[in-house]
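What follows is the residue order along each chain.
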Amino acid sequence: MTEQISALMDDELAIEDAAHIFTSMQSNQPAAEAWRQYHLIGDVMRGGATLSPHFKQNLMQKLELEPTVLAPNAIQAKVSKINQLKSKLPATWSIAASFAAVMVVGVMAMQVQTQPDNEFAPVAVAEIEPVEQSIPAEYLMAHQASAPSASSYYIQSASYSESAR
Amino acid sequence: MMRLVLARFFASLSPALVLGFISCLSFNVQAATDENAWNVLQKAAVAARALSYQGVFVCQTERKTKSVQITHLFDGKNEFARNVLLDGSPREVLSQGGDLVIYNPKNEKIVIEKRRGQNMFPAVLPVNLEAVKESYLLRLGVLERVAGRESQVLILEPKDGLRYSYRFWIDTEYGLLLKSVMFNSRDEIMESIAFNQLALLNSVELDWFKPKIDHNKNYVMEDEPVVIASNGTPVDWVIKDLPAGYRKIDQITRMVNGKLHPVTHIIFSDGLASVSLFIEPAPKGNKAKVLLTTMGNASVYANINKGHLVTVVGEVPEATIVQIANAVVFKK
């Protein structure tokens, strides 16, 4: 199934022949997940440079500021206005938007998944030497992210846990 | 062939640099002069970016060793590279020009990290070597064999005790950097990266330029560090006397995990080595203390100065990071 999804995305499979893929994606969780992930990978490879560093925050802020519109007529008018705007936007916008959406989902997924780890965190901290405690690994990680030495792309700092699976 | 590729690479660079390099090329390979050594180094800086090649290199620090498979392509306009870790978890680094995407397996997930790329082996040398020339001396060494190829050894030594020394092995035919070793002041190896297999690529196909996808894992974007616009933060400090040769490269204000206040992060470089300086309000109740330690290859120094915590991290001698910490002068 994943090969077929991949083929569909690469235009190697005609949309007319792909009805069964769309159907199965609605019911089949792994297939839908593969579709989402391939798009995320594709978007990243094409470069999300159109996104500003504060894109997520700004987008969320703007959504906050949007008034809740109760009158359906007004919504209709707004939708057509948005459609007009959309046609004027560069094609990259839609990539950026889906990229942001996936990113938000990704971050949410990460937060949910990392929560159980917190139970173990206090134990780990208690075992660390006092010196290490005063110099959090975050500084080293921030240094390596912004000013990497040639080996830091491949050899992680000591604090980084690299589990086998 | 080689000349043609280089010429195309230069078309994408500034005219001044091109002139500079062409004048380098016109020198004859002759006596072992300093100028000649710098020309070989200059050529290596360009060759790493302008040639297309594939190989395996081994990256080694005090603690760990990793093998990396590299495929690098320059198509006349853009640079593409895919680096795959062959040992341990299958981390991949894909770069296009200066944009870098890291696929980093962490437990059941693959975290996608985006970075601005620089100094990725073998492109560890800057194309503009002026800053390096200011702080280091270069001389030619012997000829040695690396990865089955003949190479010229270059010895780069600091003019003072504020940086480490390096040794480079440059392919005598391709001009490519085959091996790079960094030594501390006691001549101990801090970092070593060397090809053990290398071949030039003839094709401009890009079918290899994609990560290997693991269907069983979730792909997620990394949690971005919250970056704060610097203009709003009141600055009550200045940076006075920096150690010789170090210049400010960048400054960002960010939130760091577990810290209540934003941290100002400033990056300095002497052309090869980089140092990070972090300034933030000191936690209440902390008495003045000074800390000097090492974490892997990096020297780390922290002190509390007039209500601020100043932390300096870098792959440089301790004297350098202490000097950078002391260069911060608080106005209060």
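Here we summarise the structure given alongside this text. (Residues numbered from 1 in each chain as written. Chains lettered and ligands numbered in written order. Predicted model: local features only at pLDDT ≥ 70, side-chain atom pairs only at ≥ 80, totals over all residues. Heavy atoms only, no water.)

**Overview of the overall build of chain B**
Phase 1: A tally of helices and strands in chain B yields 5 helices and 21 strands.
Phase 2: A burial count over chain B gives 51% of its 332 residues as buried.
Phase 3: Total accessible area computed for chain B in this model is approximately 15600 Å², and 51% of it derives from carbon and sulfur atoms. (Helix = DSSP H or I, 4+ residues; strand = E, 2+ residues; numbered from the N terminus. Buried < 20%, exposed > 50% of the residue type's maximum accessible area, 1.4 Å probe, protein only. Areas by Shrake-Rupley, 256 points an atom, 1.4 Å probe, with all protein chains shown as cover.)

**Notes on a nonpolar patch on the surface**
Phase 1: Taken together, the side chains of Leu59(A), Met60(A) and Leu63(A) make up a nonpolar region of the molecular surface, amounting to roughly 260 Å² of accessible area.
Phase 2: Take Leu59(A): it is sitting in helix 4 (residues 55–65). (Patch = residues over 30% accessible without salt bridge, like charges linked within 9 Å, V, L, I, M, F, W, Y side chains within 5 Å. Salt bridge = Lys/Arg side-chain N within 4 Å of Asp/Glu carboxyl O.)

**A look at the interface of chain B and chain A**
Phase 1: Taken together, the contact between chain B and chain A spans 74 residues of the former and 51 residues of the latter.
Phase 2: Note on chain B versus chain A: buried area summed over both sides is about 5300 Å², and carbon and sulfur give 60% of it.
Phase 3: Between chain B and chain A we count 0 salt bridges in total.
Phase 4: Between the two partners, chain B and chain A, sit 11 residue pairs in polar contact (both at pLDDT 80 or more).
Phase 5: The element that contributes the greatest number of residues to the side of chain B that touches chain A is strand 5 (residues 99–106) of chain B, accounting for 6 residues.
Phase 6: By residue class, the composition of the side of chain B that touches chain A is 34 nonpolar, 21 polar and 19 charged. (Contact = heavy atoms within 4.5 Å. Buried area = accessible area lost by both parts, 1.4 Å probe. Polar contact = N/O pair within 3.5 Å; in protein donor to acceptor, adjacent residues only side chain to side chain. Nonpolar A, V, L, I, M, F, W, Y, C, P; charged D, E, K, R; others polar.)

**Section: the pattern of salt bridges**
Phase 1: Applying the stated criterion to the full structure yields 12 salt bridges over all chains.
Phase 2: Here the salt bridges share partners, and the residues they tie into one network are Glu113(B), Arg115(B) and Glu222(B).

**A closer look at the nonpolar core**
Note on soluble globular proteins: their nonpolar side chains tend to be buried together.
Phase 1: Tyr154(A), Leu156(B), Phe168(B) and Leu277(B) are the most contacted members of the largest nonpolar core, which has 70 residues in total.
Phase 2: No other element matches helix 3 (residues 34–50) of chain B, which puts 7 residues into this core.
Phase 3: Residue assignment places this core across two domains, with domain 1 (44–221) and domain 2 (237–330) of chain B each supplying three or more.
Phase 4: Setting aside its immediate chain neighbours within four residues, Phe168(B) contacts Leu41(B), Leu125(B), Gln152(B), Val153(B), Leu154(B), Leu156(B), Leu177(B), Lys179(B) and Ser180(B). (Core = buried A, V, L, I, M, F, W, Y, C linked by side-chain atoms within 4.5 Å. Domains from an automatic or database assignment.)

**Considering the packing of helix 2 (residues 19–27) of chain A against helix 3 (residues 29–46) of chain A**
Residue and element names in this part refer to chain A.
Phase 1: For the pair helix 2 and helix 3, the least separation of the axes is 6 Å and the interaxial angle reads 110 degrees. The orientation of helix 2 relative to helix 3 falls into the category roughly perpendicular. Both helix 2 and helix 3 take part in a crossing whose hand is left-handed. The residues of helix 3 that touch helix 2, namely those facing Phe 22, Met 25 and Ser 27, are Gln 29, Ala 31, Ala 32 and Trp 35.
Phase 2: Here the residues of the contact of helix 2 with helix 3 are counted per class, giving 5 nonpolar, 2 polar and no charged. (Axes fitted to C-alpha atoms, helices over the stretch in contact; angles between N-to-C directions. Parallel < 35°, antiparallel > 145°, perpendicular 65-115°, else oblique. Left-handed = near helix turned anticlockwise from the far one by under 90°.)

**Side note on the sheet that holds strand 2 (residues 65–74) of chain B**
Phase 1: Strand order in the open sheet formed by 12 strands is 7-8-9-10-11-1-2-3-4-5-6-12 (chain B), with mixed pairing between adjacent strands. The sheet terminates laterally at strand 7 (136–146) and strand 12 (218–221) of chain B, the two strands that pair on one side only. Shown here is a sheet whose adjacent strand axes are inclined to one another by a mean of 20 degrees, direction ignored.
Phase 2: In this sheet, strand 4 (residues 92–96) of chain B lies alongside strand 3 (residues 79–85) of chain B in antiparallel orientation, the contact comprising 5 bridges. For Arg82(B), the partnering residue across the bridge sits in strand 4 of chain B and is Leu94(B).
Phase 3: Here helix 3 of chain A sits on the sheet and contacts strand 4, strand 5, strand 6 (109–116) and strand 12 of chain B; the angle it forms with strand 12 of chain B, its principal contact strand, is near 40 degrees. (Pairing = 2+ DSSP bridges.)

**A closer look at empty space enclosed by the protein**
Phase 1: Counted by the stated rule, this structure contains 2 cavities of 30 Å³ or more.
Phase 2: If you trace the largest cavity, you find 17 residues lining it, with Ser149(A), Ala150(A), Tyr166(B), Glu191(B) and Leu272(B) closest to the centre.
Phase 3: Elements supplying a minimum of two residues to the lining of the largest cavity: strand 9 (165–171), strand 10 (177–183) and strand 11 (189–200) of chain B.
Phase 4: Along the lines of polarity and charge, the residues of the lining of the largest cavity split into 11 nonpolar, 4 polar and 2 charged.
Phase 5: Residue assignment places the lining of the largest cavity across two domains, with domain 1 (44–221) and domain 2 (237–330) of chain B each supplying three or more. (1 Å grid on protein atoms, 1.4 Å probe; cavity = no way out; pocket = protein on both sides within 12 Å on 5 of 7 lines; lining within 4 Å. Points joined across faces, edges and corners; volume = space filled by probe spheres on them.)

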